[in-house]
Amino acid sequence: MTEKKLLKMGNPILREIAKPIKNFNTPELYQLIEDMKDTMVANDGAGLAAIQIGILKRVIIFGFKQNPRYPQSPAIPLTVLINPQYTSLDNEIESGWEGCLSVPGMRGLVPRFKKIQYSGYDVLGKKITREVSDFHARVVQHELDHLDGLLYVDKIEDHANFGFTQELELANAY
Ligand code: NI
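Anyway, here's the lowdown on the structure attached to this text. No experiment lies behind these values; they were computed from the predicted model shown. (Residues numbered from 1 in each chain as written. Predicted model: local features only at pLDDT ≥ 70, side-chain atom pairs only at ≥ 80, totals over all residues. Heavy atoms only, no water.)

**Re helix 1 (residues 27-42)**
Taking 1.5 Å of rise per residue, 16 residues should cover 22 Å, and helix 1 covers 22 Å from first to last C-alpha, within 8% of that figure. On its buried face, helix 1 sits against strand 1 (47-49), strand 2 (59-64) and strand 3 (76-88). At the exit of helix 1 stands D44, carrying a positive phi of roughly 55°. (Helix = DSSP H or I, 4+ residues; strand = E, 2+ residues; numbered from the N terminus. Expected span 1.5 Å × (residues − 1). Contact = heavy atoms within 4.5 Å.)

Listed below in structure tokens is the structure:
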């Protein structure tokens, strides 16, 4: 169990561009993925990008059976995605509430593509391609943004829809 320290908004590393993985199936890559899983699970995350633990590599993980931070969300299979990419399937945009382990205690309403096809590689270098929608699609778009130095707060259109989770819940905002 190696829970790593999470970088929080304001740390300049979160604004850097992560670099592609060139060598698969290496001890370093396995170790990174284990550290990411331990850190995500310990913090009830829906997903995590390597950059959030200070590693500037294009590796994301996501998935859960049930998530206490997103109790309404259906399960997403636990997935490791290396050098990921996505494309919108029909350009339909949907707004939804997001949080981030690097912006603790807060939520914001963010527009995202509703349906996407994403692809990437597993730890062995085998290609993964999926077509997904709704929260699964949202999580992948959120994690991919991290690899390019973006946070969900950058994409909030109306900052009236951004605040502390507790206050938003009291206000029945979501
Ligand atoms: Ni995040």
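**Examining the pattern of salt bridges**
Evaluation of the coordinates by the stated rule reveals 10 salt bridges. For D145, the salt bridge is made with K155, and the minimal N-O distance between the two is 2.9 Å. You can see D145 sitting in helix 2 (residues 134-147) and its partner K155 sitting in the loop between helix 2 and strand 8 (162-164), a full 10 residues away along the chain. D145 gets classed as buried once you look at its relative accessible area, which sits at 7%. The network of salt bridges with shared partners includes E98, R112, R138, D145 and K155. (Salt bridge = Lys/Arg side-chain N within 4 Å of Asp/Glu carboxyl O. Buried < 20%, exposed > 50% of the residue type's maximum accessible area, 1.4 Å probe, protein only.)

**So, the packing of aromatic side chains**
On inspection of all chains with the given rule, the structure shows 5 aromatic pairs. Judged by centre distance (6.3 Å) and plane angle (65°), the ring pair of F64 and F135 falls under edge-to-face. Of the two residues, F64 is situated in strand 2 and F135 in helix 2; the sequence distance between them amounts to 71 residues. Its relative accessible area of 9% is what places F64 among the buried residues. Ring pairs connect the aromatic residues F64, Y70 and F135, which therefore count as one cluster. Sitting over the face of the ring of Y70, R107 holds its NZ or CZ atom 4.4 Å from the ring centroid. (Phe/Tyr/Trp six-rings, centres within 6.5 Å; stacked < 30°, edge-to-face > 60°. Lys NZ or Arg CZ within 6 Å of the ring centre and 35° of its normal.)

**Looking at the sheet that holds strand 4 (residues 93-98)**
Spatially, the 3 strands line up as an open sheet ordered 4-5-8, and their pairing is antiparallel. Two strands close off the open sheet at either side, each with one partner strand: strand 4 and strand 8. Between one strand axis and the next, the sheet turns by 25° as a mean value, whatever way the strands run. Bridge count for strand 4 against strand 5 (residues 106-113) is 6 bridges, and the pairing is antiparallel. (Pairing = 2+ DSSP bridges. Axes fitted to C-alpha atoms, helices over the stretch in contact; angles between N-to-C directions.)

**Focus: the nonpolar core**
Counting 22 residues, the largest nonpolar core has I60, F62, Y118 and F135 as its most contacted members. Of all the elements in the fold, those that place two or more residues in this core are strand 2, strand 3, strand 6 (115-121), strand 7 (127-133) and helix 2. In terms of residues, this core owes the most to one element, helix 2, which gives 6 residues. Excluding residues that lie within four positions of it along the chain, F135 makes contacts with A46, F64, Y70, S73 and I76. With 16 residues, the next largest nonpolar core counts M40, V59, L101 and V123 among its residues. (Core = buried A, V, L, I, M, F, W, Y, C linked by side-chain atoms within 4.5 Å.)

**Some details on the pairing of strand 2**
In terms of burial, strand 2 is largely enclosed, as 6 of its 6 residues are buried. Neither face of strand 2 is exposed, since V59, I61 and G63 on one face and I60, F62 and F64 on the opposite face are all buried. Where strand 1 meets strand 2, 3 bridges bridge the pair, whose relative direction is antiparallel. Across the sheet, the residue bridging to A49 is I60, located in strand 2. Bridge count for strand 2 against strand 3 is 5 bridges, and the pairing is antiparallel.

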